Amino acid sequence: VGIPLALIGFFLGFEPLVTIGLVLYGAIFAFQLVTLPVEFNASSRAISLLRDYSTMDNSQLSAAKKVLSAAAMTYVAAVAVSAAQLIRLILLFGGRRRNN
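Everything quoted here is computed from the prediction, not taken from an experiment. (Residues numbered from 1 in each chain as written. Predicted model: local features only at pLDDT ≥ 70, side-chain atom pairs only at ≥ 80, totals over all residues. Heavy atoms only, no water.)

Student: Explain the packing of aromatic side chains residue by residue, including any values.
Tutor: The full count for this structure, using the stated rule, is two aromatic pairs. Taking the centre distance of 5.4 Å and the plane angle of 70 degrees together, the rings of F10 and F11 count as edge-to-face. What makes F10 partly exposed here is its relative accessible area of 23%. When its relative accessible area of 66% is taken as the criterion, F11 is described as exposed. A ring pair is formed by F10 and F93, whose centres lie 5.0 Å apart and whose planes are at 50 degrees; its orientation type is tilted. (Phe/Tyr/Trp six-rings, centres within 6.5 Å; stacked < 30°, edge-to-face > 60°. Buried < 20%, exposed > 50% of the residue type's maximum accessible area, 1.4 Å probe, protein only.)

Shown next as structure tokens:
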């Protein structure tokens, strides 16, 4: 909802709507950032459980570690994209405020 609100506010020239949109998108970014350690912890706990219950042999466990690590890295990529998008939006809409 943040980006559409910011865009609507931008095109209508209604700055409070732009600000609300940016704040909402910033909240999404903050939530993603906070959940990042949770995902890494979940991956490491899953590997521990797989190892403790001997559900896989060593080669399968190694492959599971790679898959879970790759899954966790998708969260890192999502946070990086959100950060870049937030910076882009702030620069785009922040420049408009300075010119008016």
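What follows picks up the thread again.
Student: So what about the nonpolar core? Which residues, and what values?
Tutor: Among the nonpolar cores identified, the biggest contains ten residues, and these are A6, V18, L22, Y25, F29, L36, V79, L86, L89 and F93. Breaking this core down by element, the ones donating at least two residues are α2 (15-52) and α3 (58-99). Per-element tally for this core: the top contributor is α2, with five residues. Setting aside its immediate chain neighbours within four residues, A6 contacts L17, V18, G21, L22 and F93. (Core = buried A, V, L, I, M, F, W, Y, C linked by side-chain atoms within 4.5 Å. Helix = DSSP H or I, 4+ residues; strand = E, 2+ residues; numbered from the N terminus. Contact = heavy atoms within 4.5 Å.)

Student: Pulling in residues and values, what's your account of the environment of V1?
Tutor: Within the element layout of this structure, V1 appears in the segment before α1 (2-12). Considered as a pair, V1 and L24 are 23 residues apart in the sequence and their alpha carbons are 7.4 Å apart.

Student: Kindly report on the packing of α1 against α2, identifying the contributing residues and their values.
Tutor: The geometry of α1 relative to α2 is characterised by a closest axis approach of 7 Å and an angle of 160 degrees between their N-to-C directions. On the basis of their axis angle, the class for α1 and α2 is roughly antiparallel. Two packed elements cross with a definite hand, and for α1 against α2 that hand is left-handed. Mapping the contact onto sequence places G2, I3, L5, A6, I8, G9 and F10 in α1 and L17, V18, I20, G21, L22, L24 and Y25 in α2. (Axes fitted to C-alpha atoms, helices over the stretch in contact; angles between N-to-C directions. Parallel < 35°, antiparallel > 145°, perpendicular 65-115°, else oblique. Left-handed = near helix turned anticlockwise from the far one by under 90°.)

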